[in-house]
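Here's the letter readout for the chains.
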Amino acid sequence: MRVVVVGAGLAGLTAAADLAATGAEVTVIEARDRVGGRTHGIEVAPGGWADAGAAYLGERHTALTTLLAELDLKTTPATVGGAARFALGGEPGTGRFPPLSAVALGGLFDALEELAAAVRPEAPWLSPDAARLDATTAADWAAEHLTHPDARLFFPLFAGEMMAADPADVSVLHLAFYLRSGGGLRYLNAFAGGAQEDRIDGGAHQVCLRLATRLGDRVRLGEPVRAVHQDATGVDVVTVTGVTRADAVVVAVPPVLADAVEFRPGLPAPRSGPGTAPGCAVKVHLVYPAPLWREQGLSGWSVSADGPLLSTVDDSPANGSAGVLTGFVTGAQAKAFAALPPDEQAGQARAQVARLFPGLPAPDACHVTDWLGERHSRGCYAALFGPGDWLRLGPRLTTPHQRVHWAGTETSTEFFGLMEGAIRSGHRVAAEIDATWRHNHD
Ligand SMILES: Cc1cc2nc3c(=O)[nH]c(=O)nc-3n(C[C@H](O)[C@H](O)[C@H](O)COP(=O)(O)OP(=O)(O)OC[C@H]3O[C@@H](n4cnc5c(N)ncnc54)[C@H](O)[C@@H]3O)c2cc1C
């Protein structure tokens, strides 16, 4: 069996590795000149890497942790002791918890947990009241249900941090599904014991690098797939450099990018809709000789209402090569920030960190990674399903189109949007193709 995999992110490479293990003749075709997709490493100091894309994982991410063990990669704790800095109105202050009403935040979390508990994670479009929840934006839900000013202040920060979402861009059904799919709000939101417990030592990009190394010259870079043409005996995958013939194809790219590929025969329905928005995330890495904030009893964690960095965390490489504060610009802030010239972006980030951490010297370097501008990702962390999307797109997300099969974190109802979802989708699609082939040839 000959299989072409479109996309060398975690989903595509996992699928390729599984299929190769069954004896299939696999070719992976990747648009970029690197593998990894939404995982990407930046060398911030000699031998010191920071994650410009995905970084964190928790113990429930079992497909990822199994893969890490197979690839001989280690994790390092993401949590750092010490106090945080909060700028949620007025001058920045130091503390352990945001200086907001615990009752208001508890009420917000309970309301969100209630929404998530009612979702059918394997088929959100069949959830009770799905049509109404799918037609309502999270911003409209917040305007109706959140009365306390602290809950109103915190909700967009939370949606930005958790999903890189502007609440105006996602339906309540998507918000509730995302929380449920990722293990619940409190798991998703937590560092210790939650989805941000660990990082991959040396950078998450190494997972795809190691998978690709094993596949060798079966991975082709710098070839965006333009078209997929099927006939009675097989399928042609078309790039600028030529045509590759296969028996089956895995398309492991985000839904909006799948819609940019020409399919013949055409897809019965698009994989994204007018309401499908790109996740809005810009990551900023401020590099210091060492994690100097720790000497002041600070963890490096900060939360700001005004931005552009809505939060910062300590992502210093475990090998001690540098101190790294990662700033997250997400949601509506990211749209405005992404439109600024690079100098201004770096200037605003440096100025904000100087206000938040006045005891620190100026950083040695500032790296800005704008995922909105990445044309082979079109936003991150993942696609945001807007009003109407789940009911229209959900039932067909994983349905094969004859010889074309679908993967990618957006096709996973478990840990949607995360590395874990991408890897699970890769395993799922490889098993699906193998089973179809055996069914047709036994
Ligand atoms: C800033 C940021 C922070 C994140 N944080 C986390 C985190 O902490 N934890 C976590 O678990 N997840 C996180 N994520 C999400 C995680 O990165 C993704 O869920 C996961 O990497 C998606 O993998 P994928 O294989 O589905 O898609 P991708 O990684 O997007 O792979 C798709 C590949 O297809 C290629 N491609 C696109 N179009 C074509 C075409 N026409 N032809 C050929 N190739 C094509 C792309 O170049 C890409 O390499 C984050 C993402 C970002 C960007």
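The structure this text deals with has already been given above.
Just so we're clear, the structure is a prediction, and the values are computed from it rather than from any experiment.

Caption draft 1: Looking closely at the overall build of the protein. When its secondary structure is counted, the protein shows 14 helices and 21 strands. The C-alpha atoms of the protein give a radius of gyration of 22 Å, which matches the 22 Å a tight globule of 442 residues would have. A principal-axis box enclosing the C-alpha atoms of the protein has dimensions of 70 × 50 × 40 Å. Of all 442 residues assigned to the protein, the portion counted as buried reaches 56%. Looking at the protein alone, contacts between residues at least 24 apart form 73% of all its contacts between residues at least 6 apart. On the protein, roughly 17,300 Å² of surface is accessible, and the fraction owed to carbon and sulfur atoms is 54%. Each charge sign in the protein was given a centre, from 35 positive and 48 negative side chains, and these centres are 3 Å apart.

Caption draft 2: Expanded view of the sheet that holds strand 15 (residues 262-264). Taken in spatial order, the 4 strands make up an open sheet running 13-12-11-15, and their pairing is mixed. Of all strands in the sheet, those with a lone pairing partner are strand 13 (242-246) and strand 15, marking the two edges. Direction aside, the axes of adjacent strands within the sheet are offset by 15° on average. Pairing between strand 12 (residues 235-239) and strand 13: 5 bridges, direction antiparallel. Residue pairing for strand 13: Thr239 is matched across the bridge by Gly242.

Caption draft 3: Inspection of the site of the ligand at higher detail. The immediate surroundings of the ligand are formed by 34 residues, with Glu30, Arg38, Thr409, Gly417 and Met419 found nearest. Gly417 has a polar backbone atom sitting 2.8 Å from an oxygen atom of the ligand. Between the ligand and Met419, the relevant distance is 2.8 Å, taken from an oxygen atom to a main-chain nitrogen or oxygen of the residue. Contact with the protein chains covers 97% of the free accessible surface of the ligand, which is 1,000 Å². Those elements giving two or more residues to the shell around the ligand turn out to be helix 1 (10-21) and helix 14 (419-441). Here the residues of the shell around the ligand sort into 22 nonpolar, 9 polar and 3 charged. Counting contributing residues, the shell around the ligand receives three or more from each of domain 1 (2-37 + 205-275 + 388-441) and domain 2 (80-190 + 276-387).

Caption draft 4: Summary view of helix 5 (residues 138-145). Those residues of helix 5 that fall on the buried side of the exposure criterion are Ala138, Trp141 and Ala142. The buried residues of helix 5 occupy an angular sector of 100° when the element is viewed end-on, so they sit on one face. Tucked into the core, helix 5 has its buried residues touching helix 3 (102-118), helix 6 (149-163) and helix 7 (172-181).

Caption draft 5: The nonpolar core, seen in detail. Ranked by size, the top nonpolar core spans 48 residues in total, and within it Leu108, Leu112, Trp141, Phe155, Phe158 and Leu179 carry the most contacts. If you list the elements that add at least two residues to this core, you get strand 7 (83-87), helix 3, helix 4 (130-135), helix 5, helix 6, helix 7 and helix 8 (185-189). Shared between two domains, this core holds at least three residues of each, these being domain 1 (2-37 + 205-275 + 388-441) and domain 2 (80-190 + 276-387). Among the nonpolar cores identified, the runner-up in size contains 38 residues, and Ala16, Leu67, Ile200 and Met419 belong to it.

Caption draft 6: Spotlight on the packing of helix 6 against helix 7. Relative orientation of the contacting elements helix 6 and helix 7 amounts to 55°, with a least axis distance of 12 Å. Of the possible angle classes, the one that applies to helix 6 and helix 7 is oblique. Seen from above, helix 6 lies across helix 7 with left-handed handedness. The segment helix 6 lies against helix 7, with Phe155, Phe158, Met162 and Met163 engaging His174, Leu175, Tyr178 and Leu179. Its residues assigned to classes, the contact of helix 6 with helix 7 shows 7 nonpolar, 1 polar and no charged.

Caption draft 7: Region of the structure containing the packing of aromatic side chains. Counting across every chain of the model gives 14 aromatic pairs. Taken together, a centroid distance of 4.7 Å and an interplanar angle of 65° make the contact between Phe177 and Trp390 edge-to-face. Of this pair, Phe177 sits in helix 7 while Trp390 is found in helix 13 (residues 389-393), placing the two residues 213 residues apart along the sequence. The pair Phe177 / Trp390 is uniform in exposure class, with both members buried. Between Phe177 and Phe416, the aromatic rings sit 5.4 Å apart at their centres with planes inclined by 80°, giving edge-to-face as the arrangement. On the criterion of sequence distance, the pair formed by Phe177 in helix 7 and Phe416 in the loop between strand 21 (404-406) and helix 14 is long-range, its members being 239 residues apart. Assessed through its relative accessible area of 0%, Phe177 is described here as buried. Among the aromatic residues, ring-to-ring pairing joins Trp125, Phe177, Tyr178, Phe385, Trp390 and Phe416 into one connected group.

Caption draft 8: Region of interest: the pairing of strand 2 (residues 25-29). Counted residue by residue, strand 2 has 4 buried out of 5 residues, so it is predominantly covered. Here strand 1 (residues 2-6) runs beside strand 2; their pairing, made up of 5 bridges, is parallel. Residue Val4 lies in a different strand from strand 2, and its bridge partner there is Thr27. Handedness of the strand 1-helix 1-strand 2 crossover: right-handed. Judged from the 2 bridges that link them, strand 2 and strand 10 (residues 219-220) form a sheet pairing that is parallel. Note on strand 10: the bridge partner recorded for Ile29 is Arg220.

Caption draft 9: Highlighting the layout of surface pockets. Taken as a whole, the second largest pocket holds about 210 Å³ of empty space. Together, Met1, Asp247, Ala248, Gln402, Arg403, His405, Ile433, Thr436, Trp437, Asn440 and His441 line the second largest pocket. A total of 5 residues in the lining of the second largest pocket trace back to one element, the largest contributor, which is helix 14.

About the thresholds
Residues numbered from 1 in each chain as written. Predicted model: local features only at pLDDT ≥ 70, side-chain atom pairs only at ≥ 80, totals over all residues. Heavy atoms only, no water. Helix = DSSP H or I, 4+ residues; strand = E, 2+ residues; numbered from the N terminus. Rg over C-alpha atoms; globule rule 2.2 N^0.38 Å. Buried < 20%, exposed > 50% of the residue type's maximum accessible area, 1.4 Å probe, protein only. Contact = heavy atoms within 4.5 Å. Areas by Shrake-Rupley, 256 points an atom, 1.4 Å probe, with all protein chains shown as cover. Lys, Arg positive; Asp, Glu negative; His and termini not counted. Charge placed at Lys NZ, Arg CZ, Asp CG, Glu CD. Pairing = 2+ DSSP bridges. Axes fitted to C-alpha atoms, helices over the stretch in contact; angles between N-to-C directions. Near = heavy atom within 4 Å. Polar contact = N/O pair within 3.5 Å; in protein donor to acceptor, adjacent residues only side chain to side chain. Nonpolar A, V, L, I, M, F, W, Y, C, P; charged D, E, K, R; others polar. Domains from an automatic or database assignment. Arc of directions from axis to C-beta. Core = buried A, V, L, I, M, F, W, Y, C linked by side-chain atoms within 4.5 Å. Parallel < 35°, antiparallel > 145°, perpendicular 65-115°, else oblique. Left-handed = near helix turned anticlockwise from the far one by under 90°. Phe/Tyr/Trp six-rings, centres within 6.5 Å; stacked < 30°, edge-to-face > 60°. Right-handed = clockwise from strand over helix to strand, strands pointing away. 1 Å grid on protein atoms, 1.4 Å probe; cavity = no way out; pocket = protein on both sides within 12 Å on 5 of 7 lines; lining within 4 Å. Points joined across faces, edges and corners; volume = space filled by probe spheres on them.

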